[in-house]
Every structure is written in C-alpha cells, then in structure tokens.
Amino acid sequence: MPPVMFFAAAAALLVIGLLIAVIPLGGGAAKPTRTSVGRPADNGITPTSYSDSPSTEIFRPIDRRSADARPLTVNEVFPSGARVVPGPGGKGKLTLRGERLVGDCAQAAWGAPIGDVLRRGGCTQAVRGVYSGDRYGMTVAIFNMAAVQDADLLAHALGEGGGFVKPLDGFGRGFSMARGLAMGHYVVVGWVQRLDGKGDPQDEALLSLLVEAGGSKAVLSRAAGSR
C-alpha cells in the first residue's frame, strides 16, 4: 500500500478509536505559559523521510490556545498507561526511556528557520519523549503554538530542510521516518526508526509505528473535552 493511502486509512481508524476511548480532561482554563523563544542549535539530525498534514475539522474546538489555555504537563502527555506501547503489528513493546518539557521551544529544535517559525507562532511549550524496544525506537514531540495557522506552518516547515526536532539521546541516526501533524494549535511530531538503522519508505512496520507515534491522546482529549 502506498504511504499516502496507508496514512489516510490508518489515521482515520486511529482518530475514531481514540475519540471514542478518550476521557475529556476537566478543570477550568488556566493562564497560558508565557515565555520567549531563544536561538536553537545551528545543526542537528533530520529524518530520511518526512511528511506533514494540516489540522482538520476534528480539532476546530482547539484551533486557538486562547480557548485551550491550560498548559500541557509531562504526566498528561506521557501518563502511566502510555509509558509502554506495542511494537509494529502488536509484536514486542517499546518503553518510554526519557521525557522532557521545556518552556523555551528553541531547546527542543534546531535550525534558525525553525526557530523563527516557533517565535512568530508564539510557541510556549515543547514536550518530547523517546521510546525504545528490542528492534525499534520512537520519538514523540508536541509543540504548543498560538493558533492553528501557526501549527500548520510549523508542521510544513519541519520538512523544508531548515531544521527539525532536537531528539533526546541521539535518536535518528540511520534510516528514519517522521510525520508532523497539526492538531488545532498543537503540532505532534512522530519519528521512528529501526535500531539497526535499516529500512525504506515502504517499510510497513515503520509506517505502522509512525501512526502510533502521531496518535496523541492528550491532544485528542483536549479536542473532545472542548466540544
């Protein structure tokens, strides 16, 4: 199956399943975190293959951070139930090895052009986590932008060659695949690889894992809870 068709079918099933299963998060709106975006590192690692998608109607309730002002937390993005995820095809497992939340989004990316997009887009938070198992590795990153237009722009800019997500612990060497999804005012980036560095753009196991990486229940919960 071509990658585009794979993502369309898999993403549709994932969104439907997660929206049914998700429990909306309660609590009133809090003041958003206000920080400035510094200067990211000049150089870094990019995935071999990258694709992006703009936000969709599902996430319209959280198109603006002003309607979803409560800051993200590490425990929200990586709760106890999400610290171990199944491997491709349900075989094996990947365990969360590290996570980090920063208020200066430049610390979670590299490349001056990406720094400019984060700055202009009012990024206030970046959350990253890295998973690994016997054969596969996976990085998940979420950027908290001001509005959907900023999220769409960042998701696309990450594929333009001017910078990318700064991974934790040297992830991303060898063949790797990544996908950036704008979800309302958030950008969720999934990045996957085989630990032996092998693979190709038609690798169905990596494509399957990439869908898993982009299915942020934290963001889906906020969209469902704002309806």
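The model shown is predicted, which means the values in this text are computed figures rather than measured ones. (Residues numbered from 1 in each chain as written. Predicted model: local features only at pLDDT ≥ 70, side-chain atom pairs only at ≥ 80, totals over all residues. Heavy atoms only, no water.)

Draft legend 1. Quick look at the overall build of the protein. Tallying secondary structure elements over the protein gives six helices and nine strands in all. Counting every position in the protein, which comprises 227 residues, the buried fraction comes to 50%. The contacts of the protein with a sequence gap of at least 6 include a subset with a gap of at least 24, amounting to 77%. Carbon and sulfur atoms make up 55% of the accessible area of the protein, which amounts to about 10,400 Å² in all. (Helix = DSSP H or I, 4+ residues; strand = E, 2+ residues; numbered from the N terminus. Buried < 20%, exposed > 50% of the residue type's maximum accessible area, 1.4 Å probe, protein only. Contact = heavy atoms within 4.5 Å. Areas by Shrake-Rupley, 256 points an atom, 1.4 Å probe, with all protein chains shown as cover.)

Draft legend 2. Spotlight on the packing of helix α3 (residues 112-120) against helix α4 (residues 148-157). The geometry of α3 relative to α4 is characterised by a closest axis approach of 10 Å and an angle of 170° between their N-to-C directions. Judged by the inter-axis angle, α3 sits roughly antiparallel to α4. In this structure, α3 contributes I114, V117, L118 and R120 to the contact, and α4 contributes D150, L153, L154 and A157. For the contact of α3 with α4, the class distribution of residues is six nonpolar, no polar and two charged. (Axes fitted to C-alpha atoms, helices over the stretch in contact; angles between N-to-C directions. Parallel < 35°, antiparallel > 145°, perpendicular 65-115°, else oblique. Nonpolar A, V, L, I, M, F, W, Y, C, P; charged D, E, K, R; others polar.)

Draft legend 3. Up close: the packing of aromatic side chains. For the structure on display, the rule yields four aromatic pairs. Seen from their ring centres, Y50 and F164 are 5.5 Å apart, and the 85° between their planes marks the pair as edge-to-face. Placement of the pair is Y50 in strand β1 (residues 49-53) and F164 in strand β7 (residues 164-165), with a sequence separation of 114 residues. Side by side, Y50 and F164 carry an identical accessibility label, which is buried. Taking 5.0 Å as the distance between ring centres and 85° as the angle between the ring planes, the aromatic pair formed by F164 and W191 counts as edge-to-face. Separated by 27 residues along the polypeptide, F164 in strand β7 and W191 in strand β9 (residues 186-194) bring together distant segments of the chain. (Phe/Tyr/Trp six-rings, centres within 6.5 Å; stacked < 30°, edge-to-face > 60°.)

Draft legend 4. Region of interest: the sheet that holds strand β3 (residues 93-102). With mixed pairing, seven strands are arranged side by side in an open sheet as β1-β8-β9-β6-β5-β3-β2. Looking at which strands have only one partner, the edges of the open sheet turn out to be β1 and β2 (84-86). Each adjacent strand pair in this sheet contributes to an overall mean axis angle of 20°, direction not counted. Bridge analysis of β1 against strand β8 (residues 176-183) gives five bridges, and the strand direction is parallel. When the sheet's bridge partners are listed, Y50 is paired in β8 with A178. (Pairing = 2+ DSSP bridges.)

Honestly, that's just the spatial picture; any functional story needs more than this.
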